[in-house]
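Results of the structural survey
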Amino acid sequence: MSTDVKQSDTLRLPPGLLPKNIADLSAYSSAKSEKLSGSTWLNANESPYTREYKLSGQALNRYPDPQPQQVIQAYADYVGLAPEQVVMTRGADEGIELLVRTFCQSAKDSIAIFAPTYGMYKVTADTHNVALNTLSQELLLQGDVDEICTQVGDAKLVFICNPNNPTGALVSQDKIAAIAARLTSSALVVVDEAYIEFCPEQSAVSLLADYANVVVLRTLSKAFALAGLRTGFTLANTQVLAPLRKVLAPYPVSTVVADITAQALSTSNIASMRRQVDILNALKSRLQQWLEQSDAVTRVLKGKGNFVTLQLKDKNAIAIAYQQGLVMRPFTLYGQDNWLRISIGNEQELGEVKAWLDSLTGSTATNQ
Ligand SMILES: *Cc1c(COP(=O)(O)O)cnc(C)c1O
């Protein structure tokens, strides 16, 4: 039986039905949306650790609690905030979208980002017909606060990815505080802390005590090893969260997700997450050393997070990795298409990266 979709005039959409900003959109190509075949996945900054969760068997005929209190309390305890300062979302990505939908007027407002950075800020702005003020990481890291805030202009939201994906760069808490202070009457400073568990002492959460315009985005997709669950949190004061709650979908968190998230935030699971972070950070140092010693690599970005971003001498090396079933994330950075981001996998997976690196230079260095 053929499943071809018939083409006919009655199946055509009326011209002009689709808004121009949507017609012009190029969908976010996430690491998983590209159809790649491979055996070793080091392209999406996922954790290599898996853990079994059992459902506690709650009835699914009822709608869930829109914001499951036990989970909200557990996350508030984990970050040292009050439950009123925590909103649970479908991943940090939904937090980004909620902020844009709540605070930006379509075709009028803008957001500021510091490129190269996480791709979803642009996708979300484009989708909602909100303008993008693209500033540079260099400005954020080296520029002084006056210069940064002048260039932010009248952007309503300023996204600071900290540590930054894909460069790993960190901005100090003091600088974030100074930016927030300068922008108190014009913008929210949104600190995306998707990777903060890999350098927890750098968190901007403590700034919430002093600034009404600071927002922190968190996720369980990276260090907590739950990318498949789709759980994130938006942390802010009630002045920010009250309007956000009005825009939030009626039942964003399913009963099943709330159940597993509650287990993931148990004291023992948080302790085990922290042990895994220590192991991944150690493996990362080892990978960084290999890369720095490799003649096939021209630059290695030193930074935080469960990934390393590097520039290859020859971008064909990526195709060679694919042939070996090794999937990493290629990037065009600073106008050059020979960059690669490698997520920190387990010891065996990183051994495959080492073997690939050695094959590029014909080296047979010892595996250390
Ligand atoms: C992975 C990632 C996210 C997305 O997190 P989800 O909770 O899986 O939606 C957000 N921000 C950054 C910088 C990320 O790298």
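The chain is annotated in an unreviewed UniProt entry as histidinol-phosphate transaminase of Pseudoalteromonas qingdaonensis. For the record of the chain, the UniProt heading Pathway (unreviewed entry) holds the text "Amino-acid biosynthesis; L-histidine biosynthesis; L-histidine from 5-phospho-alpha-D-ribose 1-diphosphate: step 7/9."

**So, the packing of aromatic side chains**
Under the counting rule described, the total for this entry stands at eight aromatic pairs. Aromatic pair Tyr118 and Tyr121: ring centres 5.6 Å apart, planes at 80°, arrangement edge-to-face. Ring centres of Tyr195 and Phe307 lie 5.0 Å apart, and the angle between their planes is 75°; this geometry places the pair in the edge-to-face category. With a gap of 112 residues between them, Tyr195 in the loop between strand E6 (188–192) and strand E7 (214–219) and Phe307 in strand E10 (residues 307–312) connect regions that are remote in the sequence. For the pair shown, Tyr195 and Phe307 are each scored as buried. Each residue in the set Tyr75, Tyr78, Phe224 and Phe233 is aromatic and connected to the rest through ring pairs, giving one cluster. Over the ring of Phe307 we find Lys284; its NZ or CZ atom is 6.0 Å from the centre of that ring. Geometry around Trp290 places Lys354 over its ring, the cationic atom sitting 5.7 Å from the centre.

**What to know about the environment of Phe159**
Within the fold, Phe159 resides in strand E5 (residues 157–161). Once the C-alpha coordinates of Phe159 and Val189 are considered, the two residues, 30 residues apart in sequence, prove to be 6.3 Å apart. Beyond its immediate stretch of four places on either side in the chain, Phe159 contacts Ile96, Val100, Ile111, Ala112, Ile113, Phe114, Tyr121, Val190 and Leu217.

**Side note on the domain arrangement of the chain**
Here the chain is partitioned into domain 1 (29–47 + 269–361) and domain 2 (69–266). Relative to domain 2, the C-alpha centre of domain 1 lies at a distance of 26 Å. Contacts between the two partners involve 24 residues from domain 1 and, on the opposite side, 22 residues from domain 2. Of the roughly 1,900 Å² buried between domain 1 and domain 2, counting both surfaces, carbon and sulfur atoms make up 66%.

Definitions and limits used
Residues numbered from 1 in each chain as written. Predicted model: local features only at pLDDT ≥ 70, side-chain atom pairs only at ≥ 80, totals over all residues. Heavy atoms only, no water. UniProt positions renumbered as here; feature names shortened; annotations may be inferred. Phe/Tyr/Trp six-rings, centres within 6.5 Å; stacked < 30°, edge-to-face > 60°. Helix = DSSP H or I, 4+ residues; strand = E, 2+ residues; numbered from the N terminus. Buried < 20%, exposed > 50% of the residue type's maximum accessible area, 1.4 Å probe, protein only. Lys NZ or Arg CZ within 6 Å of the ring centre and 35° of its normal. Contact = heavy atoms within 4.5 Å. Domains from an automatic or database assignment. Buried area = accessible area lost by both parts, 1.4 Å probe.

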